[in-house]
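Structural characterization, general
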Amino acid sequence: MKRSVLLLLAAVWLPVCAAAQTPAPRPNAGMLYWVRCASCHGIEGKGDGEYAGLLSPRPRDFTTGRYKFRTTETGSLPTDEDLARSITDGLHGSSMPGWRGVLSAEQVQALVEQVKSFSPRFASEQPRPIAMGPEPPSTPQAIEAGRGVYEKLKCAACHGTDGRGASAIARDLKDDWGRPTRATNLDEPWAFRGGSGVRDIFLRFRTGMNGTPMPSFIDAASESELWQLASYVKSIGRKPLWEMKGDEVAAFYRARDEEDRKDPVKRGEYIANISGCVQCHSPYREDNTMIEELKLAGGQRFRITPFGDFVAYNLTSDKETGLGDWTDEQIKTFVTTGVRRDGSRMLPFPMPWPNFAHMSASDLDALVAFLRSLPPVSNRIPPPQAPNIFSYLAGKFRMLILHEDQPLYMFPGNAGSWTDGARP
Ligand code: HEC
Ligand code: HEC
Ligand code: HEC
């Protein structure tokens, strides 16, 4: 009897002890990466996962060892803690999710090693952490001094005076991979990817953001000046819309609207971009890059069977071939009703003028102000061309009998008269 009790105890106890002594299995980093990260960052860490093409900014290419969010000198590799922080907290304002609560600290550490293994630089170089004193208190004097540092370091060249104003932000920047990028709107701290604390902000311009146009400013100012600047940047952050009450939201939009009105040309440029005037009224090369000299000078050819060929018009202020001798009213009438200067009405395609029919009077004024500001470029656009009778009948047959949509083709190159040496 006694023996059987002992045996029973042993039978229960021994496996428990054994389990306690076997080390927990190490996370399989390759597998974790494949399941959690590869769809964006790519199997080989090249930043070319299946979703990559849809994302802006694009997922990081790990093979170059260039990282934005570091506590290390400009150009240097990040520390393990830097990488772990980006993985755990995610990067706000981008599609990089935070994995806190999903992955254990051990799994994050395994992924840090996995991410590092994609770049040979980690085998031969050491990260160079910056020397950094404690964070000084953000006093009103420090904030005021920081405003001066903002001016001295010319942050406004990319971020706009006061770090804001949609039209003042530099948008035509490129990252090291040649992809378009834009400077961050500094009054929207919730979109700072590296965090919105004074220390986070300090680190961004102290270390620079490798791979982007955002440089390190350590040689341009003292450390204490950079801390003042961080306090200033923190102070210009505004309340997000989702924390505002109804009347605050209304006041916010009213103020934005008034600001926009002060610079109609900039506002008009914005409208011309979002309504597609720029995309249709500029010619492109075979590789889909714009022929910049002919931006908004027309020349892109559209073919819609069975209706014919239409070449987008020259919208620059050239008197002979562009809008130079159109009145403001003629431009507005055409954009909102499709009625040309000779009284004929354009088909509602390819130019979707019915979409512009309800553009507000002030937006139309701004659009015209912008078009007037375009320097003249001589590029004579041929009139629309009807198709020959056979393509016409074939097109009608496909449309009316086969119920196919009208096919639309866009041709590369400039169909206008512009000549400039060898270029198209
Ligand atoms: C939904 C897409 C997506 C997934 C999934 C994803 N990432 Fe990212 N990741 C991004 C994007 C986008 C960026 C670039 C953000 C930027 O440039 O500001 C990024 C950036 C990073 C960075 C660079 C930070 C720096 O300092 O430059 C690291 C490290 C990183 N991701 C690790 C991971 C790991 C590890 C996983 C898997 C656990 C993962 N990511 C999963 C989209 C993703
Ligand atoms: C040459 C243009 C340029 C200059 C000059 C510049 N920045 Fe930037 N800045 C950028 C770009 C581009 C980004 C966005 C980088 C990215 O995420 O890809 C950025 C991002 C930032 C961010 C957001 C970081 C985050 O966590 O997302 C802060 C804060 C910032 N800049 C502050 C400053 C301050 C302060 C100055 C002046 C000392 C300055 N910048 C000067 C181009 C510039
Ligand atoms: C989807 C492409 C597309 C978009 C978007 C577009 N256009 Fe056009 N536009 C055309 C084409 C094609 C023509 C030439 C049509 C023709 O000759 O019948 C044209 C013609 C014009 C004309 C000249 C009309 C004439 O007398 O021949 C003006 C002015 C014009 N567009 C202004 C604009 C403005 C301003 C915008 C932005 C608000 C705009 N377009 C957006 C394609 C476009």
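About the thresholds
- Residues numbered from 1 in each chain as written.
- Chains lettered and ligands numbered in written order.
- Predicted model: local features only at pLDDT ≥ 70, side-chain atom pairs only at ≥ 80, totals over all residues.
- Heavy atoms only, no water.
- Near = heavy atom within 4 Å.
- Polar contact = N/O pair within 3.5 Å; in protein donor to acceptor, adjacent residues only side chain to side chain.
- Helix = DSSP H or I, 4+ residues; strand = E, 2+ residues; numbered from the N terminus.
- Donors = N, O, S within 2.8 Å, 3.2 Å for Na, K, Ca; no water.
- Tetrahedral: all angles 85-135°; square planar, octahedral: opposite > 155°, others 65-115°.
- Pairing = 2+ DSSP bridges.
- Domains from an automatic or database assignment.
- Core = buried A, V, L, I, M, F, W, Y, C linked by side-chain atoms within 4.5 Å.
- Buried < 20%, exposed > 50% of the residue type's maximum accessible area, 1.4 Å probe, protein only.
- Contact = heavy atoms within 4.5 Å.
- Patch = residues over 30% accessible without salt bridge, like charges linked within 9 Å, V, L, I, M, F, W, Y side chains within 5 Å.
- Areas by Shrake-Rupley, 256 points an atom, 1.4 Å probe, with all protein chains shown as cover.
- Salt bridge = Lys/Arg side-chain N within 4 Å of Asp/Glu carboxyl O.
- Nonpolar A, V, L, I, M, F, W, Y, C, P; charged D, E, K, R; others polar.

**Structural notes on the site of ligand 2**
Of all residues adjacent to ligand 2, which total 24 residues, the nearest are Cys 155, Cys 158, His 159, Arg 193 and Met 214. One of the side-chain nitrogen or oxygen atoms of Lys 68 is found 2.8 Å away from an oxygen atom of ligand 2. A distance of 2.7 Å is found between an oxygen atom of ligand 2 and a side-chain nitrogen or oxygen belonging to Arg 193. Looking at the shell around ligand 2, the elements with two or more residues in it are helix 8 (156-159), helix 9 (198-207) and helix 10 (223-235).

**Focus: the coordination of the iron atom of ligand 3**
Each protein donor to the iron atom of ligand 3 is listed here as His 281 (NE2) and Met 351 (SD); together their distances run 2.0 to 2.1 Å. Around the iron atom of ligand 3 sit six donor atoms; with metal-centred angles ranging over 86 to 179 degrees, the donor geometry is octahedral. Here His 281 is found in the loop between helix 13 (277-280) and strand 3 (301-304), whereas its partner Met 351 is found in the loop between helix 14 (328-337) and helix 15 (361-372), with 70 residues between them in sequence.

**As for the pairing of strand 4 (residues 308-311)**
In the sheet, strand 3 pairs with strand 4 via four bridges, with the strands oriented antiparallel. Counted as the bridge partner of Arg 301 is Val 311 from strand 4.

**Description of the domain arrangement of the protein chain**
Taken domain by domain, the protein chain comprises domain 1 (29-124), domain 2 (140-241) and domain 3 (277-411). A C-alpha centroid distance of 45 Å is found between domain 1 and domain 3.

**Remarks on the coordination of the iron atom of ligand 2**
On the protein side, the iron atom of ligand 2 has His 159 (NE2) and Met 214 (SD) as donor atoms, found 2.1 Å from it. Because the angles between the six donor atoms bound to the iron atom of ligand 2 fall within 87 to 178 degrees, the donor set is best described as octahedral. Of this pair, His 159 sits in helix 8 while Met 214 sits in the loop between helix 9 and helix 10, and the two are 55 residues apart along the sequence.

**So, the nonpolar core**
Grouped together as the largest cluster of nonpolar side chains are 25 residues, with contacts concentrated most on Ile 331, Leu 367 and Leu 371. Those elements that provide at least two residues to this core are helix 12 (264-274), helix 13, helix 14 and helix 15. Broken down by element, the residue count for this core peaks at six residues, all from helix 15. Those residues within four positions of Leu 371 in sequence are excluded, and the remaining contacts are Leu 315, Leu 323 and Ile 331. Judged by nonpolar contacts, the second largest core, of 21 residues, contains Tyr 150, Leu 226, Trp 227 and Val 233.

**Thoughts on helix 9**
With nine of ten residues buried, helix 9 is to be regarded as a mostly interior element. The complete set of buried residues in helix 9 reads Val 198, Asp 200, Ile 201, Phe 202, Leu 203, Arg 204, Phe 205, Arg 206 and Thr 207.

**Details of unusual backbone geometry**
That bond from Ser 56 to Pro 57 is cis: its omega, -5 degrees, falls within 30 degrees of zero. By the element assignment, Pro 57 lies in the loop between helix 3 (38-41) and helix 4 (80-89). At the junction of Phe 349 and Pro 350, the peptide bond is cis and its omega measures out at -5 degrees in the coordinates. Tracing the sequence through the fold places Pro 350 in the loop between helix 14 and helix 15. A positive phi is found at Lys 154, a non-glycine position, where the angle reads about 55 degrees. Relative to the elements of secondary structure, Lys 154 occurs in the loop between helix 7 (140-152) and helix 8.

**Re a nonpolar patch on the surface**
On the surface, a nonpolar cluster with roughly 460 Å² of combined accessible area is contributed by Met 31, Trp 34, Val 35 and Ile 43. Here Val 35 lies in helix 2 (residues 29-36). For Val 35, a relative accessible area of 53% translates into the label exposed.

**Some points on the environment of Thr 212**
Within the element layout of this structure, Thr 212 appears in the loop between helix 9 and helix 10. In sequence terms Thr 212 and Leu 173 are 39 residues apart; their C-alpha atoms lie 8.8 Å from each other. Discounting chain neighbours no more than four positions away, the residues touching Thr 212 are Lys 68 and Asp 176. A polar atom in the side chain of Thr 212 sits 3.0 Å from the backbone nitrogen of Met 214.

**Focus on the site of ligand 1**
The environment of ligand 1 is formed by 25 residues, the closest being Cys 37, Cys 40, His 41, Lys 68 and Met 96. At 2.9 Å from an oxygen atom of ligand 1 is found a main-chain nitrogen or oxygen belonging to Phe 69. Between Arg 193 and ligand 1, the recorded distance is 2.9 Å, taken from a side-chain N or O atom to an oxygen atom. Every element with two or more residues in the shell around ligand 1 is listed here: helix 3, helix 4 and helix 5 (105-116). Among the elements that take part in the shell around ligand 1, helix 4 stands out by supplying three residues, more than any other. Counted by class, the shell around ligand 1 contains 16 nonpolar, four polar and five charged residues.

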